[in-house]
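# Understanding the architecture of this molecule
Each chain, letter by letter, is given below.
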There are 2 protein chains.
Amino acid sequence: MTTVSSPTKERILSAAELLFAETGIATTSLRQITSRARVNLAAVNYHFGSKDGLIDAVYERRLGPVTDGWLGNIETLEKQYGDSAIPVEEIVESFVLPVARLAADEVRGGRIFMRLLAQGYSEARHYFEKLFSSQYQHVLDRYRQALRHAIPDLPSESLCWRLQFLLGALTQGLSGGELLRLIEGQADPRDTKRAVKELIPFLVAGLKAPPPQLEMTVELEDGASPSTMDSSVRKASA
Amino acid sequence: MTTVSSPTKERILSAAELLFAETGIATTSLRQITSRARVNLAAVNYHFGSKDGLIDAVYERRLGPVTDGWLGNIETLEKQYGDSAIPVEEIVESFVLPVARLAADEVRGGRIFMRLLAQGYSEARHYFEKLFSSQYQHVLDRYRQALRHAIPDLPSESLCWRLQFLLGALTQGLSGGELLRLIEGQADPRDTKRAVKELIPFLVAGLKAPPPQLEMTVELEDGASPSTMDSSVRKASA
DNA sequence: GTCTATAGAGGGATAGAC
DNA sequence: GTCTATCCCTCTATAGAC
């Protein structure tokens, strides 16, 4: 490994990231990548060994800083608050910002990569599982502990669910999604700063919400005719 | 078109759905599909015209009932409440349930399809855009109007953002996600009824959250050293 | 480190018999 | 409606010259 990555390597990474995000990983060929990067076809295999090696490298380049940001933020908060609970707002903010910074970084990939991230679970699962078990699990767990402390009345199982919802809303919200445009809003999905401002109160309120009424009944079997109204959730104390 | 779809057609659809969800659409070959469906290779082109035709059909089969459920539910609520505002809980519930019913339907695809849905934005974008503009846009808009009426203090632009967050949390939460397992919880990601019970209070609280403080400053440029704490969100009234 | 040329595998689609 | 056989294409990866 050289001290400074060769320009060729960077060109390939950026071109790959862009094309992956635009049309998917599997459908993007090395020919497309090298041609857009104005680099020779064989360079990919020389620098990354294989297409899989390239995919790994694309993710690695962007996710490193996010993990670093998460880890640094949560440690700072832990030290700052000692044994007292960290406010939920602070926790959420410190979690959202490193991701938002990535999404906002137009020069180095930005929102393009967020879309890759959103689809990553399916297309680069191997890489994600490896990465998660080695790094993210620890970091996520510290955030979970902090939230457990901050919202003591919430059962820890519910907290797990809410963390998952949070991740879904976060990736969707920062991906500059097609979705928002289709909702026909006046909102500009590319405005990352606005996305952060909108995300934080939404997530904080969701996390602080009263725990679910587990006694309630949810009917999901489609026994009734399709025209029947979904009156199938009934409170236990009705 | 026959009154009852041929068994071959159904076999192909189910095999395709499964394989698409497991390994992605682009990487799944027609040979894999037809061999799993125990059907001849040429049958795909006979029944669906092309691989693209098959992809469309896979989505169509599952999404039809969801749209019908959404439309039926919102119309029932509109009639029921007349000119007065529908409670947010009712709106959310009536939106979540048709999707949950799909996710819970193990026999006819179930969660497998939810994963397809989650990745759909990237891999089947053409189909999604077509479908959205023709059907979903109208339905989503009625939900948006109902929420606007139910939460009059929320700026309509914020509502658009929150709808997007809602969709992200919903798909992530009902996909039986890998994520939840990695958070190392006691939660069972496959428990759709539980997911619904957890989703509703989370989403309702998020929607009802106070509007964002738009005056606050969000710093996303990474000027500072990486070790600096993210104290970059500052309230205007500090 | 970069290039050309090509091997070798696997893909989607179709023609034509049954 | 189903099947076989095959066409033609694009892909990844590599060997070997420079």
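Keep in mind the model is a prediction, meaning the values are calculated, not measured.

### Concerning the protein's contact with DNA strand C
For DNA strand C, the set of nearby residues contains 13 residues, the closest of which are A:Thr8, A:Asn40, A:Tyr46, B:Leu30 and B:Arg31. Looking at DNA strand C alone, sugar and phosphate atoms form 55% of those within 4 Å of the protein. In this structure, A:Asn40 approaches DNA strand C through a side-chain N or O atom, which is 3.3 Å from a phosphate oxygen. A distance of 3.0 Å is found between a phosphate oxygen of DNA strand C and a side-chain nitrogen or oxygen belonging to A:Tyr46. When residues of the surface near DNA strand C are traced back to their parent elements, those giving at least two are α3 (42-48) of chain A together with α2 (30-36) of chain B. The class makeup of the residues in the surface near DNA strand C is 4 nonpolar, 7 polar and 2 charged.

### Side note on the pattern of salt bridges
The final tally for this structure, using the stated rule, is 18 salt bridges over all chains. Across the salt bridge formed by B:Arg194 and A:Glu157, the nearest N and O atoms sit 3.3 Å from each other. On the criterion of chain membership, the pair formed by B:Arg194 in helix α10 (residues 192-208) and A:Glu157 in helix α8 (residues 156-174) is interchain, its members lying in two chains. Residue class for A:Glu157 comes out partly exposed when judged on its relative accessible area of 25%. Of the charged contacts in the structure, one is a salt bridge between B:Arg142 and B:Glu78, with a shortest N-O distance of 2.6 Å. With a gap of 64 residues between them, B:Arg142 in helix α7 (residues 125-150) and B:Glu78 in helix α4 (residues 51-81) connect regions that are remote in the sequence.

### Here we look at the UniProt feature "domain: HTH tetR-type" (unreviewed entry) in chain A
The sites that UniProt annotates as "domain: HTH tetR-type" (unreviewed entry) are residues 6-66 of chain A. For residues 6-66 of chain A, the end-to-end C-alpha separation is 23 Å, with 77% helix and 0% strand making up the annotated structure.

### Considering helix α4 (residues 51-81) of chain A
Here α4(A) contains 31 residues, and its C-alpha end-to-end distance of 45 Å stays within 8% of the 45 Å for a straight helix at 1.5 Å per residue. Considering bend angle alone, the principal kink of α4(A) is centred on A:Leu63 and spans about 35 degrees; proline A:Pro65 follows within four residues of it.

### Comments concerning the side chain of B:Ser175
Residues and elements named next belong to chain B. Mapped onto the fold, Ser175 is located in the loop between α8 (156-174) and α9 (178-182). From its side chain, Ser175 meets the backbone oxygen of Gln172 in a polar contact 3.0 Å long. Those residues in contact with Ser175, other than ones at most four positions away along the chain, are Arg111, Met114 and Arg115.

### Things to note about the confidence of the model for chain A
Mean pLDDT over chain A: 85, with 80% of residues reaching 70 or higher. A low-confidence stretch, residues 223-227 of chain A stays under pLDDT 50, and its non-local contacts, those more than four residues away or across chains, total 0 contacts.

### Section: the protein's contact with DNA strand D
Looking at DNA strand D, there are 13 residues lining it, with A:Leu30, A:Arg31, B:Thr8, B:Asn40 and B:His47 nearest. In DNA strand D, atoms within 4 Å of the protein come 60% from sugar and phosphate. Secondary structure elements with two or more residues in the surface near DNA strand D: α2 (30-36) of chain A together with α3 (42-48) of chain B. Here the element with the most residues in the surface near DNA strand D is α3(B); it accounts for 3 residues. Tallied by class, the residues present in the surface near DNA strand D amount to 4 nonpolar, 7 polar and 2 charged.

### Focus on α8(A)
With 19 residues, α8(A) should cover 27 Å at 1.5 Å per step; its first-to-last C-alpha distance of 27 Å lies within 8% of that length. By the criterion of burial, α8(A) is predominantly enclosed, with 18 of the 19 residues buried.

### Description of the packing of α8(B) against α10(B)
All names here are of chain B. Contact geometry for α8 and α10: axes closest at 10 Å, N-to-C directions at 165 degrees. Overall, the two elements α8 and α10 adopt an arrangement that is roughly antiparallel. Once α8 is placed against α10, the crossing between them reads as right-handed. On α10, the residues that touch Leu159, Arg162, Leu166, Ala169, Leu170, Gly173 and Leu174 of α8 are Thr192, Ala195, Leu199, Phe202, Leu203, Gly206, Leu207 and Lys208. Across the contact of α8 with α10, the residue classes tally to 10 nonpolar, 3 polar and 2 charged.

### Comments concerning the environment of B:Tyr136
The topology assignment puts B:Tyr136 in helix α7. Residues contacting B:Tyr136, with those up to four places away along its chain left out, are B:Leu63, B:Thr67, B:Trp70 and B:Leu131.

### Structural notes on the packing of aromatic side chains
What describes a pair of aromatic rings is the distance from one ring centre to the other and the angle between the planes of the rings. Residues and elements named next belong to chain B. Using the criterion set out here, one finds 11 aromatic pairs over all chains in the structure. Taking 4.5 Å as the distance between ring centres and 5 degrees as the angle between the ring planes, the aromatic pair formed by Trp70 and Phe95 counts as stacked. Note that Trp70 is positioned in helix α4 and Phe95 in helix α5 (residues 88-104), a separation of 25 residues in sequence. Residue Trp70 is classed as buried on the basis of its relative accessible area of 6%. For Phe95, a relative accessible area of 6% puts it in the buried group.

Rules and cut-offs
Residues numbered from 1 in each chain as written. Chains lettered and ligands numbered in written order. Predicted model: local features only at pLDDT ≥ 70, side-chain atom pairs only at ≥ 80, totals over all residues. Heavy atoms only, no water. Near = heavy atom within 4 Å. Polar contact = N/O pair within 3.5 Å; in protein donor to acceptor, adjacent residues only side chain to side chain. Helix = DSSP H or I, 4+ residues; strand = E, 2+ residues; numbered from the N terminus. Nonpolar A, V, L, I, M, F, W, Y, C, P; charged D, E, K, R; others polar. Salt bridge = Lys/Arg side-chain N within 4 Å of Asp/Glu carboxyl O. Buried < 20%, exposed > 50% of the residue type's maximum accessible area, 1.4 Å probe, protein only. UniProt positions renumbered as here; feature names shortened; annotations may be inferred. Expected span 1.5 Å × (residues − 1). Bend = angle between axes of the 7 residues up to and from the residue. Contact = heavy atoms within 4.5 Å. pLDDT = per-residue confidence, 0-100. Axes fitted to C-alpha atoms, helices over the stretch in contact; angles between N-to-C directions. Parallel < 35°, antiparallel > 145°, perpendicular 65-115°, else oblique. Left-handed = near helix turned anticlockwise from the far one by under 90°. Phe/Tyr/Trp six-rings, centres within 6.5 Å; stacked < 30°, edge-to-face > 60°.

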